Amino acid sequence: MAEKQFNAYRMAQDQFDRVAGLLELDEPTRSLLREPMREYHFLIPVRMDDGSYKVFKGFRIHHNDARGPCKGGIRFHPQETADTVRALSMWMTWKCAVADLPLGGGKGGVVCDPHNLSMREQEALCRGWIRQVSANVGPMKDVPAPDVMTNAQHMLWMLDEFEVLNGGRYPGFITGKPVGMGGSLGRKEATGYGLVFQLREALKDRGMDIQRTKASVQGFGNVAQYAIDLYTRYGGKVVATACWDQQESTAYTFRREKGIDMAELQRITDRFGSIDREKAKGLGYSVLHGDDWLKQDVDVLIPAALENQINIDNVELVRPSVKIAIEGANGPTSPDADRVLNDKGIMVIPDFLANSGGVVCSYFEQVQSNMNYYWSKDEVLAKLDDRMTKSFHAVFDLSKQKGVPIRDAAYMIAITRVAEACRMRGWV
Ligand code: GLU
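Let us look at the structure shown here. Everything numeric here is computed off the predicted structure, so don't read it as measured data.

1. Section: the sheet that holds strand E12 (residues 347–349)
So, point 1. Strands sit in the order E9-E8-E7-E6-E10-E11-E12 across an open sheet of 7 strands; the sheet is mixed. Each end of this open sheet is capped by a strand with a single partner; those strands are strand E9 (286–289) and E12. Each adjacent strand pair in this sheet contributes to an overall mean axis angle of 20°, direction not counted.
So, point 2. Pairing geometry for strand E6 (residues 214–218) and strand E7 (residues 237–245), over 5 bridges, is parallel. Following the sheet pairing, Gln218 is matched in E7 by Ala242.
So, point 3. Against the sheet, helix H7 (residues 187–205) makes contact with strand E10 (300–303), strand E11 (324–326) and E12, and its axis sits at roughly 165° relative to E11, the strand it touches most.

Here is the structure:
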């Protein structure tokens with residue numbers, strides 16, 4: 001039910017409208033910020049390996065670039081829609097602003113399932129995507145990055161196509177590139193680690209010792225894996241993670257009371273990102289229903305998969321032991337479920353604050369690429385920790401001062417910064 005009615009763009013606009021009301025924003029500023037400024041919708045014809053042709057639908061959407069060039073990932077997903085990309089582009093604007101990056105918000109997508117495409121077909125799709133938008137993107141206009149089902153290799157094909165079309169080398173055009181080809185050390189860990197840096201601060205505030213805490217995670221992609229990795233290094237215990245099974249188009253929760261081990265599970269994950277259930281059982285994991293990650297007796301929940309995963313139909317599964325929910329995915333909690341979590345006294349650290357580590361590190365990559373000089377991994381991660389800690393405390397302090405949930409406080413900071421940039425440019 002909730003799944004069918006869910007519309008990420010409506011949710012992003014509702015969240016914006018609420019806070020625009022709290023901030024008493026004037027009408028022109030509201031009109032400017034509640035929709036994307038520019039949208040590109042296009043078709044990408046690809047010659048398939050069997051000689052046939054297939055046409056894919058692509059998008060690039062610029063929500064707002066008052067604070068700097070648009071920034072945001074490109075998703076390859078069979079259920080991609082213009083509305084999802086609109087919502088995600090809007091969240092990118094707030095994400096960059098709350099992290100105080102000199103960047104605006106954008107997002108891109110292609111309606112496709114990369115599991116059914118060969119590497120050559122994916123390369124053709126990446127190059128075709130760039131050919132359609134090359135005039136409207138670039139290091140000073142719009143800087144794409146990886147997202148759901150796109151990775152460093154896709155970014156490099158896109159960079160190469162952009163450089164062919166523009167006749168030069170523009171390593172600052174795209175981020176999430178392979179290390180050694182203009183990528184930044186620490187980029188792959190950045191989103192998951194950034195989330196755990198903020199979780200560490202939140203636990204400190206609650207007077208909880210991270211080493212005595214337990215977490216349950218949804219997802220086993222890049223964000224989830226590195227969140228599990230750092231949380232475990234800090235001494236926390238992750239007892240469950242839910243992972244999508246590509247073959248069966250369903251999710252399973254992998255649970256082990258003594259704690260799950262990221263590296264061990266990675267070794268039994270196939271190229272589609274599915275964990276081998278039989279091998280997991282052999283390692284002492286119980287394999288449970290996909291929703292079971294939500295009903296664990298843990299202190300922390302980390303939804304790090306897709307949108308609308310904690311909704312009004314399943315939020316009651318959340319146990320009283322849960323103190324913090326920290327969003328690794330974009331839009332994982334529906335607004336009505338969010339209210340229930342707040343009423344239960346659970347601290348919800350919202351997506352565009354908690355998962356901003358990815359774009360913060362992308363910004364570091366952009367800076368390094370533009371000066372063609374690269375930092376050590378320790379340097380990158382120390383800078384990331386510093387930024388994530390500062391943005392968390394700025395939001396957290398405002399939330400206490402105004403007596404509003406952390407999501408509202410994060411929105412207040414982000415919207416105020418973007419509205420101010422629009423005003424200073426004389427737009428509104
Ligand atoms: N796709 C990531 C996000 O949603 C990173 C975006 C970027 O690095 O530009 O935050």
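2. Digging into the site of the ligand
So, point 1. With respect to spatial proximity, 14 residues lie near the ligand, and among them Lys71, Lys95, Lys107, Asp147 and Ser362 are the closest.
So, point 2. In the model, a nitrogen atom of the ligand is placed 2.6 Å from a nitrogen or oxygen of the Asp147 side chain.
So, point 3. Between Ser362 and the ligand, the recorded distance is 2.5 Å, taken from a side-chain N or O atom to an oxygen atom.
So, point 4. Mapped by element, the contributors of at least two residues to the shell around the ligand are strand E3 (70–77), helix H4 (82–98), strand E5 (142–146) and helix H13 (357–371).
So, point 5. Partitioning the shell around the ligand into residue classes produces 4 nonpolar, 5 polar and 5 charged.

3. Digging into the pattern of salt bridges
So, point 1. Considering all chains together, one arrives at 42 salt bridges under this definition.
So, point 2. In this structure, the salt-bridge partner of Asp65 is Arg38, at a minimum N-O distance of 2.5 Å. With Asp65 in the loop between strand E2 (53–64) and E3 and Arg38 in strand E1 (residues 38–47), this pair connects stretches of sequence that are 27 residues apart.
So, point 3. Looking at Asp65, the relative accessible area reads 19%, which means it is buried.

4. Notes on the packing of H4 against helix H15 (residues 406–424)
So, point 1. H15 packs onto H4 with a crossing angle of 90° between their chain directions and a minimal axis gap of 8 Å. Of the possible angle classes, the one that applies to H4 and H15 is roughly perpendicular. In contact with Trp91, Thr93, Trp94, Ala97 and Val98 of H4, H15 contributes Ala410, Tyr411, Ile413, Ala414, Ile415, Arg417 and Val418.

5. So, the packing of helix H14 (residues 377–402) against H15
So, point 1. Orientation of H14 relative to H15, taken along the N-to-C sense of each, is 110°, at an axis distance of 8 Å. Classed by the angle they form, the pair H14 and H15 counts as roughly perpendicular. Handedness of the H14/H15 crossing: right-handed. Residues Ala394, Val395, Phe396, Leu398, Ser399 and Lys402 of H14 touch H15, and the partners they reach there are Ile406, Ala409, Ala410, Met412 and Ile413.
So, point 2. A breakdown of the residues in the contact of H14 with H15 according to their chemical character gives 9 nonpolar, 1 polar and 1 charged.

The rules behind each value
Residues numbered from 1 in each chain as written. Predicted model: local features only at pLDDT ≥ 70, side-chain atom pairs only at ≥ 80, totals over all residues. Heavy atoms only, no water. Pairing = 2+ DSSP bridges. Helix = DSSP H or I, 4+ residues; strand = E, 2+ residues; numbered from the N terminus. Axes fitted to C-alpha atoms, helices over the stretch in contact; angles between N-to-C directions. Contact = heavy atoms within 4.5 Å. Near = heavy atom within 4 Å. Polar contact = N/O pair within 3.5 Å; in protein donor to acceptor, adjacent residues only side chain to side chain. Nonpolar A, V, L, I, M, F, W, Y, C, P; charged D, E, K, R; others polar. Salt bridge = Lys/Arg side-chain N within 4 Å of Asp/Glu carboxyl O. Buried < 20%, exposed > 50% of the residue type's maximum accessible area, 1.4 Å probe, protein only. Parallel < 35°, antiparallel > 145°, perpendicular 65-115°, else oblique. Left-handed = near helix turned anticlockwise from the far one by under 90°.

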